[in-house]
Amino acid sequence: MFAKNVGSADRIIRVVAGILLLSLFFIYPESPWRYFALIGIVPLATGLLATCPLYSLFGI
């Protein structure tokens, strides 16, 4: 479906960053900024799927 354009080291970094950001959502349930931590879904998804739309857009 999508061309794989993310390397193994980049995938690991993306998955770890995504998990860390999503964990902030659950660690701080009362904070007003906790919904910004949901942006962690993006690096987690791109790391797991091994494709990045921005890389495709810029030709990387």
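Our structure's up above, just so we're on the same page.
Owing to the predicted nature of the structure, the values given are computational and were not obtained by experimental measurement.

## Digging into the side chain of arginine 14
By secondary structure assignment, the location of arginine 14 is in helix H1 (residues 8-27). Sequence-distant contacts of arginine 14, that is, excluding residues within four places in its chain, are made with Val6, Pro43, Leu44, Thr46, Gly47, Cys52 and Tyr55.

## A closer look at the packing of aromatic side chains
Applying the stated criterion to the full structure yields 3 aromatic pairs. With 5.1 Å between their ring centres and 90° between their planes, phenylalanine 25 and phenylalanine 26 make a pair best called edge-to-face. A relative accessible area of 12% means that phenylalanine 25 is categorised as buried. With a centroid separation of 5.5 Å and an interplanar angle of 55°, the aromatic rings of tyrosine 28 and tryptophan 33 are classed as tilted. Here the basic side chain of arginine 34 rests over the ring of phenylalanine 25, its NZ or CZ set 4.0 Å away from the ring centre. Taking the ring centre of tyrosine 35 as reference, the NZ or CZ of arginine 34 above it sits at 5.2 Å.

## Focus on the packing of H1 against helix H2 (residues 41-49)
One can describe the packing of H1 onto H2 by two numbers: an axis separation of 7 Å at closest approach and a directional angle of 150°. Here H1 is positioned roughly antiparallel relative to H2, judged by the angle of their axes. As for the relative orientation of H1 and H2, their crossing is left-handed in sense. Residues Arg11, Arg14, Val15, Gly18, Ile19 and Leu22 of H1 form the contact with H2, whose own contacting residues are Ile41, Pro43, Leu44, Thr46, Gly47 and Leu48. A breakdown of the residues in the contact of H1 with H2 according to their chemical character gives 7 nonpolar, 3 polar and 2 charged.

## Some points on unusual backbone geometry
Phi is positive for alanine 50, which is not a glycine, with a value near 60°. Mapped onto the secondary structure, alanine 50 falls in the loop between H2 and helix H3 (53-58). On the basis of relative accessibility, which here comes to 2%, the residue alanine 50 falls in the buried class.

Rules behind the numbers
- Within each chain, residue numbers correspond to sequence positions counted from 1 in written order.
- Note on the predicted model: pLDDT of at least 70 is required for a residue's local features to be given, and 80 or more for side-chain atom pairs to be given and counted; whole-chain, interface and lining totals, by contrast, use all residues.
- Values reported for side chains reflect all heavy atoms of the structure, with hydrogen atoms and water molecules removed beforehand.
- What counts as a helix is a DSSP run of H or I of at least four residues, what counts as a strand is a run of E of at least two, and both are numbered from the N terminus.
- A contact between two residues is defined here by any heavy atoms of the two lying within 4.5 Å.
- Two aromatic rings, drawn from Phe, Tyr or Trp (for Trp, its six-membered ring), form a pair once their centres lie within 6.5 Å of each other, and the interplanar angle then sorts them: stacked below 30 degrees, edge-to-face above 60, tilted otherwise.
- For every residue, the accessible area obtained with a 1.4 Å probe (protein chains only) is divided by the maximum for its type, and the residue is called buried under 20%, exposed over 50%, and partly exposed between those limits.
- Here, over-ring charges are defined by two tests on the NZ atom of lysine or the CZ atom of arginine: distance to the ring centre within 6 Å, and angle to the ring normal within 35 degrees.
- Between N-to-C directions, angles span 0 to 180 degrees; the directions come from axes that are lines fitted to C-alpha atoms, helices contributing only their stretch in contact.
- Orientation labels follow simple angle bins: below 35 degrees gives roughly parallel, above 145 gives roughly antiparallel, 65 to 115 gives roughly perpendicular, and whatever is left gives oblique.
- Note on convention: the crossing is left-handed when the near helix lies turned anticlockwise from the far helix by less than a right angle, right-handed when the turn is clockwise.
- Ten residues, namely Ala, Val, Leu, Ile, Met, Phe, Trp, Tyr, Cys and Pro, are considered nonpolar, four, namely Asp, Glu, Lys and Arg, are considered charged, and the remaining ones, Gly among them, are considered polar.

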